[in-house]
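# Descriptive analysis of the structure
Spelled out, the chains give:
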Amino acid sequence: MYRICGLLQAAKSNFGEALKNYANDIYHAALVTGPKHVKTSGGYFHMANVFFRNGQTDVAHNIYAEVVNIWNEMLKNVVKMEEEAAESTLTSFVEKAVVSTQSTGT
């Protein structure tokens, strides 16, 4: 809800109100998922957009960098889980093939 209100306020160029709404969005999302979660990163992203539109590019750049870091960590974890799943599937396949070979005597 806060994010939607922030988007509305930003569209109306009420940047102070937009930032308050994004801060509330980030706060409440962080309570549920933590401050470094992709669900929280959307609030950071929109907040950075407001700073960028206000000409505060240094602040916006720092927040955008945090959004990138959050997504980078999440994607690295996904790749790691996929690699582990692939390895376990391959290991299971090889183990079954070895057992099958041993039981048939080939």
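Predicted model, so just to flag it, every value in this text is computed and none were measured. (Residues numbered from 1 in each chain as written. Predicted model: local features only at pLDDT ≥ 70, side-chain atom pairs only at ≥ 80, totals over all residues. Heavy atoms only, no water.)

Glancing now at the side chain of Q9. Turning to its location among the elements, Q9 is positioned in helix α1 (residues 2-11). Look past the residues within four positions of Q9 in its chain and what remains in contact with it is N14, E17, A18 and N21. (Helix = DSSP H or I, 4+ residues; strand = E, 2+ residues; numbered from the N terminus. Contact = heavy atoms within 4.5 Å.)

In the structure shown here, the tally under the stated rule is 4 salt bridges. Notably, a salt bridge pairs E17 with K20, separated by 3.3 Å at the nearest N-O pair. Highlighted residues: E17 and K20, both in helix α2 (residues 15-33), separated by 3 residues, approximately one helical turn. Exposure remark for E17: the relative accessible area of 39% places this residue in the partly exposed category. (Salt bridge = Lys/Arg side-chain N within 4 Å of Asp/Glu carboxyl O. Buried < 20%, exposed > 50% of the residue type's maximum accessible area, 1.4 Å probe, protein only.)

This part takes up the packing of α1 against α2. Where α1 meets α2, the closest approach of the two axes is 8 Å, and the angle between their N-to-C directions is 165 degrees. Accordingly, the angle class assigned to the pair α1 and α2 is roughly antiparallel. Handedness of the crossing formed by α1 with α2: left-handed. When α1 is examined against α2, the residues Y2, R3, C5, G6, L7, Q9 and A10 are found in contact with a partner set consisting of F15, E17, A18, N21, Y22, N24, D25 and H28. Looking at the contact of α1 with α2 residue by residue, the classes come out as 7 nonpolar, 5 polar and 3 charged. (Axes fitted to C-alpha atoms, helices over the stretch in contact; angles between N-to-C directions. Parallel < 35°, antiparallel > 145°, perpendicular 65-115°, else oblique. Left-handed = near helix turned anticlockwise from the far one by under 90°. Nonpolar A, V, L, I, M, F, W, Y, C, P; charged D, E, K, R; others polar.)

Further remarks concern the environment of L8. Structurally, L8 can be placed in helix α1. Classification of L8 as partly exposed rests on a relative accessible area of 48%. Expressed as a C-alpha distance, the spacing of L8 and N21, which sit 13 residues apart in the sequence, is 9.8 Å.

This next bit is on the nonpolar core. Core analysis: the largest hydrophobic core is formed by 15 residues, its most contacted members being Y22, Y44, M47, V50, F51 and I63. At the level of secondary structure, the elements contributing two or more residues to this core comprise α2, α3 (38-53) and α4 (57-104). Setting aside residues up to four positions removed in sequence, F51 forms contacts with L19, Q56, T57, V59, A60 and I63. (Core = buried A, V, L, I, M, F, W, Y, C linked by side-chain atoms within 4.5 Å.)

The next subject is α3. Across its 16 residues, α3 extends 23 Å between first and last C-alpha, which sits within 8% of the 22 Å expected from 1.5 Å per residue. Taken from the residues just after α3, G55 is the one with a positive phi, measuring 85 degrees. (Expected span 1.5 Å × (residues − 1).)

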